[in-house]
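Here is what each chain is made of, one letter per residue.
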Amino acid sequence: MDLDDTAARLGVSVEDVERVHRLAGDRPSAPLPAKADAPAILQRLAVRPDDAAEIMAGWPDPGSPLWTPELRWLLDRSIALVRADLGGYGWLSPGPELPRERGPAWRHLYVYAYLALVDVATGYHRDHGIAADVTWVTLADLGRNLAVDRRMNREGWPVMQSWLTLHARGGLYELGRLQHHRGDTAINLHIPESGPLTPQAIDASLDQARAFFPRHFPDERYTAFSCGSWLLDPQLLEYLPEDSNIARFQRRFELEPYEEPEGLDPDVEALRFVFRSLTTPLDQLPRRTVLERAIADHLRAGRHWRWCRGSFPI
Ligand SMILES: CC(C)(COP(=O)(O)OP(=O)(O)OC[C@H]1O[C@@H](n2cnc3c(N)ncnc32)[C@H](O)[C@@H]1OP(=O)(O)O)[C@@H](O)C(=O)NCCC(=O)NCCS
C-alpha cells in the first residue's frame, strides 16, 4: 500500500496514515453489526433520528460508491487500532481528523468504527461482570455526542472521536450522574451534559463508583477521585453564587498547582461547554445565564480561563 497516496486521497497528512498503519499493523478488526440490526442498536445508543438517518444512509455496504478503498482501509484499521488497546484507558486518537464535509462516509467513519466495537466492548464488560444497564448507558454517550456535535455545527467532533474510544475500550463507565474513567491510582471524573450537577446526584454517583470498581476491577487500587476541567477554575467564583452547583462541586477538590494543559486551550474549552460554539464572536454569544455572561465578559476583559486539576480521597 502506498501511504503517501492514501494520505493524499484521504486529505490528511502522511504522518497520520503512518501512525494508523503502525499502531494497527495486521491486528484483528471487528465486523460492523448487520445493517438490519443497526437501527435498533443506534436507538439503544441514544442516537437521535436525524443522526441515525445519516448513519444509515452512509452505511459501508460492500460495493457502496460512498466508500473508496482508502476509506475502507481507514475504517478497518481504525477498528483494529482501538481494539488492540481493549482495556486501556489512556487518550487514544482512532485516526486522523477527516474532511467531514466530503460526505456521510467521511463524516461518520469513526461512528461506524464505534458500532463495530460495540460487541467488543460489551464482551469486555461481560468478562468483568458489569451489568447490562451500565454497559448501555455508558455506550449511549455516542448519541449524546452526536447531538452536541450537530448543535455545534460539527465543530465538536475532533475531540469526540478520541473521547469515544474510552467507552469502546472499557476505560470509562457512566454511573449515575458522572462518568468514571479508570486511571493508575485515581478515578477520573467527567461530567456529561445531563441536567444540573446537584450534590445529591454526585454523592450517589461517587457511592456507586466506590462499590463498582473493587467489584469489577479487583486488581486496580484507587485512592482518589480526580478531575480536570474548566469547572474547577476558581476564577468562576468571582461570578457564580456560593451555593451554585459548580461552586459546591469545586469545594470537594484540592487543586494541584496550576500548569498550562498540553494540547488544549482552556478558553476554547469554556466556550465549548457553555456555548457549544467555538467560532461565534464574543459579543454575539447569548447572555441568558450568569455563567454565560461570566465566560464572555471575562474573555472580553482580556482575561483567560484555566483548566484546573484536583482530587479528593476516595
Ligand atoms: C456542569 C453543569 C451540569 C453545571 O450546571 P448547573 O448544575 O446548572 O450549574 P450551577 O448551578 O452552578 O449554575 C450556575 C449558573 O450557571 C448557569 N449554567 C450552568 N451551566 C451552564 C451551561 N453549560 N451553559 C449555560 N449556563 C450554564 C446556570 O443556569 C446558572 O445560571 P442562572 O442562575 O443565571 O440560571 C453544566 O454546566 C453542564 O451541563 N455543562 C456541560 C458539561 C461540562 O461542562 N462538563 C465538564 C467537561 S470538562
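Read on for an overview of the structure. (Residues numbered from 1 in each chain as written. Predicted model: local features only at pLDDT ≥ 70, side-chain atom pairs only at ≥ 80, totals over all residues. Heavy atoms only, no water.)

1. Structural notes on the packing of aromatic side chains
Going by this rule: Under the pairing criterion, centres of Phe, Tyr and Trp rings, with the six-membered ring standing for Trp, must be within 6.5 Å; the plane angle then separates stacked pairs below 30 degrees from edge-to-face pairs above 60, leaving the rest tilted. The helix count covers DSSP runs of H or I at least four residues long, the strand count covers runs of E at least two residues long, and both are numbered beginning at the N terminus. Exposure is judged per residue with a 1.4 Å probe applied to protein chains only, and the accessible area is read against the type maximum: over 50% gives exposed, under 20% gives buried, and values in between give partly exposed.
According to the stated counting rule, one finds 13 aromatic pairs in the structure shown. Ring centres of tyrosine 173 and phenylalanine 212 lie 5.1 Å apart, and the angle between their planes is 45°; on these two criteria the pair is classed as tilted. With tyrosine 173 in strand S1 (residues 172–175) and phenylalanine 212 in helix H10 (residues 199–216), this residue pair connects regions lying 39 residues apart in the sequence. Judged by centre distance (5.7 Å) and plane angle (50°), the ring pair of tyrosine 173 and phenylalanine 217 falls under tilted. Taken together, the residues span a long stretch of sequence, with tyrosine 173 in strand S1 and phenylalanine 217 in the loop between H10 and strand S4 (224–229) at a distance of 44 residues. Judged by its relative accessible area of 0%, tyrosine 173 is buried. By the ring-pair criterion, three or more aromatic residues cluster together here, those being Tyr173, Phe212, Phe213, Phe217 and Tyr222.

2. Brief notes about a negative patch on the surface
Formally: Surface patches are defined over residues having more than 30% relative accessible area and no salt bridge, joining like charges when they lie within 9 Å and nonpolar side chains (Val, Leu, Ile, Met, Phe, Trp, Tyr) when within 5 Å. Computed with a 1.4 Å probe, the accessible areas rest on the Shrake-Rupley method; for each residue, only the protein chains presented here act as cover. We count a salt bridge whenever a side-chain nitrogen from Lys or Arg sits within 4 Å of a carboxyl oxygen from Asp or Glu. His is not counted here, nor are the chain ends, while Lys and Arg score as positive and Asp and Glu score as negative. The atoms used to mark charge sites are NZ of Lys, CZ of Arg, CG of Asp and CD of Glu.
Together, Asp2, Asp4, Glu15, Asp16 and Glu18 make up a region of like negative charge exposed at the surface. Broken down by element, the negative patch gets its largest block of residues, 3 residues, from helix H2 (residues 14–24). Within the secondary structure, aspartate 16 sits in helix H2.

3. A short note on the side chain of glutamine 179
Heads up, the condition is: It only takes one pair of heavy atoms within 4.5 Å for two residues to be counted as in contact.
One can find glutamine 179 in strand S2 (residues 178–181). Here glutamine 179 falls in the buried class, since its relative accessible area comes to 2%. Once you skip the residues sitting within four places of it in the chain, glutamine 179 turns out to touch Asp141, Arg144, Trp163, His167, Leu172, Tyr173, Glu174, Asn188, Leu189, His190 and Pro192.

4. Re the pattern of salt bridges
The full count for this structure, using the stated rule, is 23 salt bridges. With its nearest N and O atoms 2.8 Å apart, the salt bridge here joins aspartate 51 to arginine 150. Placement of aspartate 51 in helix H4 (residues 49–57) and of arginine 150 in helix H8 (residues 141–151) is noted, with a sequence separation of 99 residues between them. Residue aspartate 51 is classed as buried on the basis of its relative accessible area, which comes to 1%. Its relative accessible area of 23% is what places arginine 150 among the partly exposed residues. Among the salt bridges present, the one from aspartate 149 reaches arginine 100, with a minimum N-O distance of 3.1 Å. Of this pair, aspartate 149 sits in helix H8 while arginine 100 sits in the loop between helix H5 (69–83) and helix H6 (104–127), placing them 49 residues apart in sequence. Overall, arginine 100 belongs to the buried group, its relative accessible area being 11%. Within this structure, Arg48, Asp50, Asp51, Glu54, Arg107, Arg150 and Arg154 form a network of salt bridges that share partners.

5. What to know about the layout of surface pockets
Cut-off, in case you're wondering: Points on a 1 Å grid over protein atoms alone make up a cavity when a 1.4 Å probe fits among them but cannot get out, and a pocket when they form an open set with protein on both sides within 12 Å along at least five of seven lines; lining residues each have an atom within 4 Å of a point. Grid points are joined across faces, edges and corners, and a volume is the space filled by probe spheres set on the points.
Volume-wise, the second largest pocket comes out at about 180 Å³. Every residue along the wall of the second largest pocket is listed here: Ser29, Ala30, Leu32, Trp59, Pro60, Asp61, Pro62, Trp67, Arg72, Leu75, Asp76 and Ile79.

6. Describing the site of the ligand
Quick reminder of the rule: Throughout this document, a residue counts as near a molecule or strand when at least one of its heavy atoms sits within 4 Å of that molecule or strand. Side-chain atoms alone can form a polar contact between residues adjacent in sequence; in general such a contact is a pair of N or O atoms within 3.5 Å, and within protein one must be able to donate a hydrogen while the other accepts it.
Contacts to the ligand come from 19 residues, most closely from Ile191, Leu197, Asn245, Ile246 and Thr289. Take threonine 289: an N or O atom from its side chain is 2.8 Å from a nitrogen atom of the ligand. In the model, an oxygen atom of the ligand is placed 2.9 Å from a nitrogen or oxygen of the valine 290 main chain. Taken by itself the ligand offers 890 Å² of open surface, and the protein chains cover 76% of this. When contributions to the shell around the ligand are tallied by element, the ones reaching two or more residues are helix H11 (245–250), helix H12 (266–275) and helix H13 (290–300). Counting residues per element, the shell around the ligand draws most heavily on H13, at 3 residues.

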